[in-house]
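# Observations on the model geometry
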Amino acid sequence: MLLSRYFLPVLRETPKEAEIVSHQLMLRTGMIKQSAAGIYSWLPLGLRVLKRIENIVREEQNRAGAIEVLMPTIQSADLWRETKRYDAYGKEMLRITDRHERDLLYGPTAEEVITAIFRDSVKSYKDLPKNLYNIQWKFRDEIRPRFGVMRGREFLMKDAYSFDLTPEAARAAYQRMFVAYLRTYARMGLRAIPMAADTGPIGGDLSHEFIILAETGESQVFCDRDLVEGAIPPADIDYSGDLAPLMTEWTSKYAATDEKHDAARFEKEVPTERRVTARGIEVGHIFYFGTKYSEPMGARVQGPDGQMVTLQMGSYGVGVSRLAGAIIEASHDAAGVIWPVPVAPFEAGLINLKAGDAATDAACGDVYGQLQKAGIDVLMDDTDERAGGKFATMDLIGLPYQLIIGPKGVKAGEAELKDRRSGERETLPMAAATAKLIDAVTKQRVLV
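Report on the accompanying structure. (Residues numbered from 1 in each chain as written. Predicted model: local features only at pLDDT ≥ 70, side-chain atom pairs only at ≥ 80, totals over all residues. Heavy atoms only, no water.)

### Description of the overall build of the chain
In terms of helices and strands, the chain carries 15 helices and 23 strands. The principal-axis extent of the C-alpha atoms belonging to the chain is close to 80 × 60 × 45 Å. Within the chain, the proportion of its 448 residues that are buried is 53%. Across the chain, contacts joining residues at least 24 apart in sequence account for 72% of those joining residues at least 6 apart. Between the mean site of the 57 positive side-chain charges and the mean site of the 63 negative ones, the chain shows a separation of 2 Å. (Helix = DSSP H or I, 4+ residues; strand = E, 2+ residues; numbered from the N terminus. Buried < 20%, exposed > 50% of the residue type's maximum accessible area, 1.4 Å probe, protein only. Contact = heavy atoms within 4.5 Å. Lys, Arg positive; Asp, Glu negative; His and termini not counted. Charge placed at Lys NZ, Arg CZ, Asp CG, Glu CD.)

### Points about the sheet that holds strand S21 (residues 401-405)
In spatial order, the strands read S20-S19-S21-S22-S23; together these 5 strands make up an open sheet with mixed pairing. The sheet is open, and its two borders are formed by strand S20 (378-381) and strand S23 (425-429), each paired with just one other strand. Direction aside, neighbouring strands of the sheet carry axes that sit 20° apart on average. Examined bridge by bridge, strand S22 (residues 414-419) and S23 share 5 bridges and lie antiparallel to one another. Opposite lysine 418, over in S23, you have arginine 425 as the bridge partner. On the sheet, helix H12 (residues 358-373) packs against strand S19 (348-352), S20 and S21 and is oriented at approximately 165° with respect to S19. (Pairing = 2+ DSSP bridges. Axes fitted to C-alpha atoms, helices over the stretch in contact; angles between N-to-C directions.)

### Some thoughts on the environment of proline 233
Its place among the elements puts proline 233 in the loop between helix H7 (225-229) and helix H8 (244-251). Residues proline 233 and proline 340, 107 residues apart in the sequence, show an inter-C-alpha distance of 20 Å.

### Notes on unusual backbone geometry
In this chain, leucine 128 is followed by proline 129 through a cis amide linkage whose omega measures 0°. With respect to the element layout, proline 129 can be found in the loop between helix H5 (111-121) and strand S7 (130-139). A positive phi angle, near 65°, is found at lysine 84, a position not held by glycine. Positionally, lysine 84 belongs in the loop between helix H3 (77-82) and helix H4 (85-88). For lysine 84, a relative accessible area of 67% puts it in the exposed group. One non-glycine residue, phenylalanine 147, lies in the positive phi region at around 65°. Following the sequence through the fold, phenylalanine 147 ends up in the loop between S7 and strand S8 (154-164).

### Some points on helix H6 (residues 167-187)
For H6, with 21 residues, the first-to-last C-alpha span of 30 Å sits near the 30 Å given by 1.5 Å per residue. Among the 21 residues in H6, 15 count as buried, and that is most of the element. Remark: glycine 189 follows H6 within two positions and exhibits a positive phi of approximately 85°. (Expected span 1.5 Å × (residues − 1).)

### Some words on the packing of aromatic side chains
All chains considered together, the criterion is met by 12 aromatic pairs. Here the aromatic rings of tyrosine 181 and phenylalanine 210 are separated by 5.2 Å at their centres, their planes lie at 50°, and the arrangement is tilted. Taken as a pair, tyrosine 181 in helix H6 and phenylalanine 210 in strand S10 (residues 206-213) lie far apart in primary sequence, 29 residues in all. For tyrosine 181, a relative accessible area of 1% translates into the label buried. Here the aromatic residues Phe178, Tyr181, Tyr185 and Phe210 are joined through ring pairs into a cluster of three or more. Against the face of phenylalanine 346 rests arginine 48, its NZ or CZ located 3.9 Å from the ring centre. For arginine 81, the ring lying beneath its charged end belongs to tyrosine 86, and the centroid distance is 4.6 Å. (Phe/Tyr/Trp six-rings, centres within 6.5 Å; stacked < 30°, edge-to-face > 60°. Lys NZ or Arg CZ within 6 Å of the ring centre and 35° of its normal.)

Here it is as structure tokens:
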């Protein structure tokens, strides 16, 4: 992509309304623009990040055996009345009346919709187990939307729902999602720590939230360092096997937010050298709630003995749009964002230091073609902006690597390669610099 043809409305100054780093940088980089309180338009750079995050989530859900569907944003109030949640949910639910005076709502979640789909479609235990997931926009009317996409009213979420015949099978489904979540976040360059959590309005008796560490996190986190440094399940893990030991390994170590922190237990169970106390951001939440929705909605199947059995269910959420902000909170510096390769809007930036100079233009065009041929997603700054402005913009938008080509380098047959994360700069022969960039990006595309 040529920057001269791209839509990248960067801001040099930090907007006054932005209180936290991710909100500031998402506005400054032109990733988002506020449309209304807590509601944002996703501009080209932000949309590319959002799609990359979404694709990683989708790939790991598919790998774990979940099946994608697409449910509506607008839901019938009658479904929610079946579970008695319509009145109980509170003012966070945006209630709507259509022209026929029918009650509707903008879905904050989709347990009722998916349960109705399954209830009307599956009648036998032979069709179990199943896990259906949906990546769709949701709406919760926050009383005080703030922090950009971190606490907005409209947000993109992956929500999955498992259906099983027995509690034992339902817990196995929960374990599959638990493992899939560990892999999902690791692929984005994040270490997400699973912590036992309250079930809140979703319900049930088993729940974990996944927290990433960040200085500006909303919760205080206390955990064992083993959870920050432990090995992530491999890509070839057998999801059809017994994952209970792996889940036990991750949940037997102490991990709690300030809401559930037990200081005495923390000191007793975790040696001083392994204690981690930090701030954290929630990026996912999973629940096993048994028959909370299937019972009132009559979601039953015929069991092996011919008797009708009420389905056991769980739900599993990932804040896709929230993750864009959370990654920035965990990965930035004074100059701007530092994107991990798998979620970067572009994998590399190519900077032409003197656009209009025939030799420099030719060299940049040649390298640009080589990078594209190698499958590298590259943004080339071919504008007539001064060098300082080009460097500032590339650092601000945080592309993992920068390849810098100017008249002096062209004469010497050299280019400068910059690693955005480390700040390391290296002057190499043009071909060697290009090859090194291609190799570095290729190796980092799949982090686990």
